[in-house]
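Single-letter residue listing:
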Amino acid sequence: MRTERWKAPAVFLFLCFFLSGAVLSPLAAEGLDVIVSGSWRFPLRDSFWSSPGPSVQSMPGSAALSVVNAGNTREQWGIEVKIQGVPLPEGVKLWVRRSGSGHGAGWIRSGLGFVPVGESPVLLFSGTGDRMRVPLQLRIGGITPRTPGATIRTSLIFTVVRTR
């Protein structure tokens, strides 16, 4: 008899937790994902140091970005980018842009000009729907013969955010 009294409240609590989880899970599962693929490839230039503002640009589209799980093509989103990790050497600057629209549903706008990237997030471009393989291009400037010859271990963090 004692076990029957205990089972009823326990079953009721289990059902409450289960149903509340079932109601909340579609909201928690709904979300946009950003996927970056490829790697930055930089062409070799013999005249790098002879230019007045030495900078190097990656080959357009050597890296690409995809936004997936948008579902409704009317839902607006934006891609933010920032630097994270070890700071860049003194005087070195970094810019990024999209060099095309990729493919997929919806639309994409802005971001065709180079955007300076720092430690605070900056909006790179915006769009709607799923967009696949949006080509990216990177530019690094401010490198001089006095810039330390160490490997740069700074990361670019791309984040998809809802804009509505």
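Residues numbered from 1 in each chain as written. Predicted model: local features only at pLDDT ≥ 70, side-chain atom pairs only at ≥ 80, totals over all residues. Heavy atoms only, no water.

**Some points on the sheet that holds strand β7 (residues 108–109)**
Selection rule: Here the rule is simple: two strands pair whenever DSSP picks up at least two bridges between them. A run of H or I in DSSP becomes a helix once it reaches four residues, and a run of E becomes a strand once it reaches two; helices and strands are each numbered from the N terminus.
The antiparallel open sheet is built from four strands, whose spatial order is β7-β9-β4-β11. Two strands bound the open sheet, and with one partner strand each, they are β7 and β11 (154–162). The pairing of β7 with strand β9 (residues 122–128) spans two bridges and is antiparallel. Among the inter-strand pairings, Arg109 is bridged to a residue of β9, identified as Ser126.

**Describing the packing of aromatic side chains**
Keep this limit in mind: Classification of ring pairs rests on two measures: the distance between centres of Phe, Tyr or Trp rings, Trp counted by its six-membered ring, which must be within 6.5 Å, and the angle between planes, read as stacked under 30 degrees, edge-to-face over 60 and tilted in between. The buried label applies to any residue whose accessible area, calculated with a 1.4 Å probe on protein chains only, is under 20% of its type's maximum; exposed applies above 50%, and partly exposed to all values in between. Definition used: whenever NZ (Lys) or CZ (Arg) falls within 6 Å of the ring centre and also within 35 degrees of the ring normal, the charge is taken to sit over that ring.
Scanning all chains against the criterion turns up one aromatic pair. Arranged with centres 6.2 Å apart and planes meeting at 75°, the rings of Trp77 and Phe125 form a pair that is edge-to-face. Pair noted here: Trp77 is in strand β4 (residues 76–85) and Phe125 is in strand β9, with a separation of 48 residues, a long-range link. The burial state of Trp77 is the same as that of Phe125; both residues are buried. Taking NZ or CZ as reference, Arg98 lies 5.9 Å from the ring centre of Phe125, over its face. The ring of Phe114 is capped by Arg139, whose NZ or CZ atom sits 4.7 Å from the centre of that ring.

**Here we look at the nonpolar core**
The criterion, for reference: Among the buried residues, those of types Ala, Val, Leu, Ile, Met, Phe, Trp, Tyr and Cys that are joined through side-chain atoms within 4.5 Å form a nonpolar core. Every residue pair with non-hydrogen atoms within 4.5 Å of one another is taken to be in contact.
Counting 22 residues, the largest nonpolar core has Leu65, Trp77, Ile79, Leu124, Phe125 and Phe158 as its most contacted members. At the level of secondary structure, the elements contributing two or more residues to this core comprise β3 (63–68), β4, β5 (93–98), β9, β10 (131–141) and β11. Apart from the residues lying within four places of it in its own chain, the contact partners of Leu124 are Ile79, Glu80, Val81, Val96, Arg97, Ser110, Gly111, Val115, Leu136 and Phe158.

**Overview of the confidence of the model for the protein**
Heads up, the rule is: The pLDDT score gives, residue by residue, the confidence of the prediction method on a 0 to 100 scale.
Across the protein, pLDDT averages 75, with 71% of residues at or above 70. Mean pLDDT in the protein bottoms out at helix α1 (residues 2–29), which sits at 33, and peaks at strand β8 (residues 115–116), which reaches 96. Every residue in residues 1–30 is under pLDDT 50, and counting partners more than four places away or in other chains gives one contact.

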